[in-house]
Amino acid sequence: MRIHHLNCGSLRTIPPFGAVPATGGPGELPELPAVCHCLLIETDKDGLILVDTGLGTEDTRRPDRTLGADWVDYAQPALDPRESALHQVVRLGYAPRDVRHIVLTHLHRDHTGGLADFPDARIHVHPEEYRAVTDPSAAHHRHSVDAFMPAHRAHGPLLSPASVEGDTAWFGFPGVARPQGLRCELLLVPLPGHSAGHAGVGVRADDGRWLLHAGDAYMYHGEIDRTPPLDHPVLDPVQQGAQTDAAARAATRDRLRDLVRDHADEVTVFSAHDPWEYARLAAVTGPSWDGR
């Protein structure tokens, strides 16, 4: 197994996305655009697996139609086709059809833009996220359907709910689900609060360590590596506007902080949009395209 860290969409939010130190003094990290942090996993038995898809090629061509003009105006995406997962997969010498599985943390626009670039892939989500968009009686159904952009699902993606196996837990996180048809050690770990069925994606590398893609459970590393948690003034309003359950999101953040504190030797946790986490992990594994 080989795991690539990809930036599939630089987001140049206004005001600038700079680090906020605990002291409140001058920024201690370089100012960087937010990222759409995705994983590309090369496996022997399951083909290529994408974890989230960031922004797709059609998003770079017609962003107002596929992403929404208001979101584009706020997020200021770079709209560089070279950042698309499709372009990066091809750069690695693969064809789009080699991506056989896509595992999503949730169904928001900055995570689903690349779905149409891989029309043959099977799309895996946590069963609570699947229910939210397919069952009119589910909580947050209308909000969930509206958040799953029509342009990103117009091709009829093969959406598949992962399977929850009894009381399966992962480092104390309950309700863990396994994507159907995958033989590698990959799990969907419920991280509630941001969307109706928001989940992290845990994948066990060949060295035995786990990577946990925490999606939008948090957006700035200060939220889980500082006590008390340090929010980011640009991203905190984004979180508050998108969340389905503020109390659940805060509880998830606190559980992730405990996970990092107690199991740092076993698990590496990162979020979808923190550019400093992305830069650190991509520097270790070597990205196929760094987006800058």
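Before any of the text, the structure's been laid out above.
Residues numbered from 1 in each chain as written. Predicted model: local features only at pLDDT ≥ 70, side-chain atom pairs only at ≥ 80, totals over all residues. Heavy atoms only, no water.

### Regarding helix α10 (residues 246-263)
Here is the rule we go by: Numbering of helices and strands runs from the N terminus, with a helix taken as a DSSP run of H or I at least four residues long and a strand as a DSSP run of E at least two residues long. To estimate the expected span of a helix, count its residues, drop one, and scale the result by 1.5 Å. The cut-offs for exposure are 20% and 50% of the maximum accessible area for each residue type, with area from a 1.4 Å probe on protein chains only; residues under the lower value are buried, those over the upper are exposed, and the others partly exposed. Contacts: residue pairs with any heavy atoms within 4.5 Å of one another. Any N or O atom pair separated by 3.5 Å or less is treated as a polar contact, with the protein-specific requirement of one donor-capable and one acceptor-capable atom, and with residues adjacent in sequence counted only for side-chain atom pairs.
For α10, built from 18 residues, the straight-helix expectation of 26 Å at 1.5 Å per residue is met to within 8% by its first-to-last C-alpha distance of 26 Å. Among the residues making up α10, those that are buried are A248, R249, T252, R253, L256, R257 and L259. Buried positions along α10 lie against β8 (169-170), β9 (173-174), β13 (210-213), α8 (222-225), α9 (235-242) and β14 (267-270). Of the residues flanking the start of α10, the one acting as N-cap is D245, its side-chain oxygen 3.2 Å from the backbone nitrogen of A247.

### Section: the packing of aromatic side chains
Keep this limit in mind: To pair, rings of Phe, Tyr and Trp, with the six-membered ring standing in for Trp, must have centres within 6.5 Å; the planes then decide the type, stacked if under 30 degrees apart, edge-to-face if over 60, and tilted in the middle. Either the NZ atom of lysine or the CZ atom of arginine qualifies as a charge over a ring when it sits within 6 Å of the ring centre and within 35 degrees of the ring normal.
Using the criterion set out here, one finds 4 aromatic pairs in the structure. Geometrically, the ring pair formed by W170 and W210 is edge-to-face, given 5.6 Å between the ring centres and 80° between the ring planes. In this pair, W170 sits in strand β8 while W210 sits in strand β13, placing the two residues 40 residues apart along the sequence. Among the residues examined, W170 registers a relative accessible area of 5% and is labelled buried. Seen in terms of ring centroids, Y220 and W276 are 6.0 Å apart; in terms of plane orientation they differ by 75°. Their pairing is edge-to-face. Pair noted here: Y220 is in the loop between β13 and α8 and W276 is in helix α11 (residues 275-285), with a separation of 56 residues, a long-range link. Classification of W276 by relative accessible area gives buried; the value is 9%. Each residue in the set W170, F171, F173 and W210 is aromatic and connected to the rest through ring pairs, giving one cluster. Sitting over the ring of F148, R153 keeps its end group 5.6 Å from the ring centre. Stacked on the ring of F173, the Lys or Arg R255 has its end atom at 4.5 Å from the ring centre.

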